[in-house]
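Commentary on secondary and tertiary structure
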Amino acid sequence: MSTVVGIDLGTSTTEAAVIRDGRPVMIVNMENEVITPSAIGIDANGNWVIGEKARAQYLLSPQNTAIEVKRKIGTDEKIALGRQTYTSVELSAKLLEYVKIYASEYLEEEITRAVISVPAYFDEIQRQATVRAGMEAGLQVERILNEPTAAALSYGLEHMEEESHILVYDLGGGTFDVTLLEMFDGVLEVKASNGDNQLGGKDFDEKLMEWLNGQFLKKHGVDLRTNTYAAVKLKEEAERCKKVLSTEASCHVLVPMIMEKAGEPLALDEVVTAEQFEEMTKELMARTHHPIDVVLADSGVLPKDIDRVILVGGSTRMPIVAKDIEQYLGIVPSRAVNPDYAVAEGAAIQAGIIQGTIRQEDSIMMTDVNPYTLGIRVMDGMTDDRMSVIIPRNVTIPTTRNQIYYTSWDYQTEAHIVIYQGESAIASSNHFLGDFVVQNIPAKIAGKEKLGVEFSYNMNGMLDVKATILSTGADASIKINMLENSEAEEQIDVSKWKEAPGAKQFRTIIRRVEKALKNSEIQYEPFLEEELEENLYELKKALIAENLEAAKEAEEELLDLLEELE
Ligand SMILES: Nc1ncnc2c1ncn2[C@@H]1O[C@H](COP(=O)(O)OP(=O)(O)OP(=O)(O)O)[C@@H](O)[C@H]1O
Ligand SMILES: [Mg+2]
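Residues numbered from 1 in each chain as written. Chains lettered and ligands numbered in written order. Predicted model: local features only at pLDDT ≥ 70, side-chain atom pairs only at ≥ 80, totals over all residues. Heavy atoms only, no water.

Thoughts on the overall build of the chain
Scanning the chain from N- to C-terminus turns up 14 helices and 27 strands. A compact globule built from 566 residues should have a C-alpha radius of gyration of about 24 Å, and the chain, at 27 Å, falls within 12% of that. With the C-alpha coordinates aligned to their principal axes, the bounding extent of the chain is approximately 80 × 60 × 55 Å. When the 566 residues of the chain are sorted by exposure, 53% land in the buried category. Accessible surface, the chain as shown: approximately 26,300 Å² in total, 48% of it carbon and sulfur. The average position of the 55 basic charges and that of the 95 acidic charges among the side chains of the chain differ by 3 Å. (Helix = DSSP H or I, 4+ residues; strand = E, 2+ residues; numbered from the N terminus. Rg over C-alpha atoms; globule rule 2.2 N^0.38 Å. Buried < 20%, exposed > 50% of the residue type's maximum accessible area, 1.4 Å probe, protein only. Areas by Shrake-Rupley, 256 points an atom, 1.4 Å probe, with all protein chains shown as cover. Lys, Arg positive; Asp, Glu negative; His and termini not counted. Charge placed at Lys NZ, Arg CZ, Asp CG, Glu CD.)

See below:
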């Protein structure tokens, strides 16, 4: 069995670790560094460059280099490198491929399996995109692990005897995560997680950039951001200055020839004090408070019950962070873990547990929480698109929860169970996870028949949903792999369906559906539209695969949907 490595795929930096003799060991890259910048570029010869080389290239040729790709993961936004565009998944895959290569070299074996960490507050789409990036890099993703949980694992392995409430505070390059865990008897239980996907060191850089640019504008009447080189240089200087201010009281930013005005070179020449920086970023620090409040409220823990605040992420090196935590929670944070390594170490520990290289009796048990509410779509007096919660967010997983529902109309014999994830009270505004139909409900008047719906969510990301007709015991169910996106399933080209042998008998229904989809009325029925498109695709796919049974099934679905549409 090949070794499973742990990977912290960060916004700014990426690290990998592995278990050796029961302890995590950081893996060095080709340049003998543990920390790899999360930068991906294409050089002048058209070759891929990753890591430090790409970070260095960014200054000279930002149009051929991508940074902070993680911020785009889970979106369709295209990232341009030279003349080509890429998805965040493709670029993350390049980065992971690099990790795979250097880890294989370091471990002297081909690495094909990994545990990858993600912010606790990543939604399912972002998690699935991360899994896909791993797959494209040739890595089987054994587990997606929440970053703060990983950090707590790394802490927990060294402090197993402790009984405490631990708050993991992770301020990285692009994301902020807070997680409250309870440790007792070697069991590490995640109580609640929250955060802000769009808050990190990058935003602190931007505040400094704005300020420096403002000063420059005042003095010279030119905006540095109008020039690509100047803008990139400004960003680099802002980040450098921010880091200096973590240890010094002030920082001199001096770039002699950052831009030209009427043929004259202009210099960026400013002194920034730590106090000024603190003032500029007050509002960013304030944004960390709400997620902390939510985590405390969700876990029912008071600030005085927190025994330890663990700092993770490069941005926690800013003195304002510890100061803010002390002011807000009355606790001096601990520096017990290495803020740059803890997440990768924790991912490696998880990998070790999966693989058995960490002995069960030595290892900490771990439970996690589901970060978003799970439920189904129901009707109530007002709407037929109400989200009915079955597993609330921040419930410890693994968990099983049940809910009873009643038939909504007279002689109802079928129920369409549609599963969603998200916090909106309107079901269809949430993320659709899957659906199925329960048939053969005895025809009675509305409310006379009961349906028990059960959700079981385990640590491997499997959600089992079962609906049982209580009077007859008949049931129907679906298994949703939260780590496997349906999008990840190859979409095959179905345009040539007409050439399939069984096409003739389905031509009419396909035409009817295509016509319905073209009708502008369909926009008022987004759910039906989605279902029609999906089943139409399934039908054509079945025809091409010469699977008449599947084609008939899809046809029946489509007929029902068309009827519903009318
Ligand atoms: N000495 C320092 N002072 C202030 N900030 C620092 C310091 N060192 C690193 N940083 C900042 O830390 C951030 C990178 O942290 P880290 O590597 O933990 O993030 P990441 O894991 O890549 O991101 P994320 O966890 O958000 O995906 C960058 O914004 C960097 O500027
Ligand atoms: Mg991180």
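Focus: the site of ligand 1
Contacts to ligand 1 come from 21 residues, most closely from Thr11, Ser12, Thr13, Glu239 and Ser246. Within the backbone of glycine 174, one N or O atom sits 3.0 Å away from an oxygen atom of ligand 1. One of the backbone N or O atoms of glycine 314 is found 2.8 Å from an oxygen atom in ligand 1. Look at ligand 1: alone it shows 650 Å² of surface, and the protein chains cover 91% of it. When contributions to the shell around ligand 1 are tallied by element, the ones reaching two or more residues are α5 (201-220) and α6 (228-244). Top element by residues in the shell around ligand 1 is α6. It accounts for 3 residues. For the shell around ligand 1, a count of residues per class yields 1 nonpolar, 13 polar and 7 charged. Split by domain, the shell around ligand 1 shows at least three residues from each of two domains, domain 1 (4-199 + 287-369) and domain 2 (201-282). (Near = heavy atom within 4 Å. Polar contact = N/O pair within 3.5 Å; in protein donor to acceptor, adjacent residues only side chain to side chain. Nonpolar A, V, L, I, M, F, W, Y, C, P; charged D, E, K, R; others polar. Domains from an automatic or database assignment.)

Describing the confidence of the model for the chain
Of all residues in the chain, 96% have pLDDT values of 70 or greater, and the mean over the chain is 90. Scored below 50 in pLDDT, residues 485-490 shows 7 contacts in the model against residues more than four places distant or in partner chains. (pLDDT = per-residue confidence, 0-100. Contact = heavy atoms within 4.5 Å.)

Observations regarding the sheet that holds strand β23 (residues 415-421)
One open sheet accounts for 4 strands, arranged β20-β19-β23-β24; its pairing is antiparallel. Strands at the two margins of the open sheet, each flanked by one partner only, are β20 (386-391) and β24 (431-438). Ignoring strand direction, the axes of neighbouring strands in this sheet form an average angle of 30°. Of the pairings in the sheet, the one linking strand β19 (residues 374-378) to β20 comprises 5 bridges and is antiparallel in character. (Pairing = 2+ DSSP bridges. Axes fitted to C-alpha atoms, helices over the stretch in contact; angles between N-to-C directions.)

As for a positive patch on the surface
The grouping of Lys498, Lys504, Arg507 and Arg511 at the surface amounts to a positive patch. By relative accessible area, which is 33% here, arginine 507 ends up partly exposed. (Patch = residues over 30% accessible without salt bridge, like charges linked within 9 Å, V, L, I, M, F, W, Y side chains within 5 Å. Salt bridge = Lys/Arg side-chain N within 4 Å of Asp/Glu carboxyl O.)

Re the packing of α5 against α6
Between α5 and α6, the shortest axis-to-axis distance is 8 Å and the interhelical angle comes to 110°. Here α5 lies roughly perpendicular to α6, going by the angle between them. For the crossing formed where α5 meets α6, the hand is right-handed. The segment α5 lies against α6, with Gly201, Phe204, Asp205, Leu208, Met209, Leu212 and Asn213 engaging Leu234, Lys235, Ala238, Glu239, Cys241 and Lys242. Here the contact of α5 with α6 is built from residues that sort into 7 nonpolar, 2 polar and 4 charged. (Parallel < 35°, antiparallel > 145°, perpendicular 65-115°, else oblique. Left-handed = near helix turned anticlockwise from the far one by under 90°.)

Here's the deal with the nonpolar core
The biggest cluster of nonpolar side chains holds 45 residues, and the ones touching the most others in it are Tyr169, Leu268 and Ile306. Of the residues that make up this core, three or more belong to each of domain 1 (4-199 + 287-369) and domain 2 (201-282). In terms of nonpolar packing, the next biggest core, distinct from the first, is built from 37 residues, Ala66, Ala93, Tyr102 and Ala137 among them. (Core = buried A, V, L, I, M, F, W, Y, C linked by side-chain atoms within 4.5 Å.)

Remarks on helix α4 (residues 147-158)
The terminal C-alpha atoms of α4 lie 18 Å apart, and with 12 residues this matches the ideal 16 Å at 1.5 Å per residue to within 8%. When you tally the buried positions in α4, you get 11 out of 12 residues, the bulk of the element. Burial in α4 covers these residues: Glu147, Pro148, Thr149, Ala150, Ala151, Ala152, Leu153, Ser154, Tyr155, Gly156 and Leu157. (Expected span 1.5 Å × (residues − 1).)

Observations regarding the domain arrangement of the chain
Partitioning the chain into domains gives domain 1 (4-199 + 287-369), domain 2 (201-282), domain 3 (374-486) and domain 4 (490-565). On a C-alpha basis, the centres of domain 1 and domain 2 stand 29 Å from each other. Taken residue by residue, the interface counts 19 residues in domain 1 and 16 residues in domain 2. Across the interface of domain 1 and domain 2, roughly 1,400 Å² is buried in total on both sides, 62% from carbon and sulfur atoms. When the area that domain 1 buries against domain 2 is broken down by residue, the three leading residues are Leu59, Met318 and Ile320, summing to 37%. At the boundary of domain 1 with domain 2, the tally comes to 4 salt bridges. (Buried area = accessible area lost by both parts, 1.4 Å probe.)

Remarks on the pattern of salt bridges
Considering all chains together, one arrives at 29 salt bridges under this definition. Close ionic contact of lysine 540 with glutamate 514 constitutes a salt bridge, the shortest N to O distance being 2.8 Å. Residue lysine 540 is located in helix α13 (residues 526-544), and its partner glutamate 514 is located in helix α12 (residues 507-518); the two are separated by 26 residues in the primary sequence. In this structure, glutamate 538 and lysine 541 form a salt bridge, with 3.9 Å as the shortest nitrogen-oxygen distance.

So, the sheet that holds strand β25 (residues 450-457)
Spatially, the 4 strands line up as an open sheet ordered β22-β25-β26-β27, and their pairing is antiparallel. Every other strand in the sheet has two partners, leaving β22 (399-406) and β27 (475-481) as the edge strands with one partner each. Taking the axes of each pair of neighbouring strands and ignoring which way they run, one obtains an average angle of 15° across the sheet. For strand β26 (residues 462-469) and β27, the ladder comprises 7 bridges, and the chain directions are antiparallel. Bridge pairing in β27 links leucine 463 to isoleucine 480.

Some words on the packing of aromatic side chains
A ring pair, where both rings are aromatic, is described by two values, the distance of the centres and the angle of the planes. With the rule as written, the count across this model stands at 5 aromatic pairs. Ring centres 5.3 Å apart and planes at 70° place the aromatic pair tyrosine 98 and tyrosine 102 in the edge-to-face group. Residue tyrosine 98 and its partner tyrosine 102 are both found in helix α2 (residues 88-107); the two are separated by 4 residues, about one turn of the helix. Overall, the relative accessible area of 12% leaves tyrosine 98 in the buried class. When the ring centre of phenylalanine 122 is taken as origin, the NZ or CZ atom of lysine 70, which lies over that ring, is 6.0 Å away. (Phe/Tyr/Trp six-rings, centres within 6.5 Å; stacked < 30°, edge-to-face > 60°. Lys NZ or Arg CZ within 6 Å of the ring centre and 35° of its normal.)

Considerations on unusual backbone geometry
Positive phi values are uncommon outside glycine, yet asparagine 32 reaches one of about 70°. Relative to the assigned elements, asparagine 32 resides in the loop between β3 (23-26) and β4 (36-37). Look at asparagine 32 and you get exposed, because its relative accessible area is 60%.

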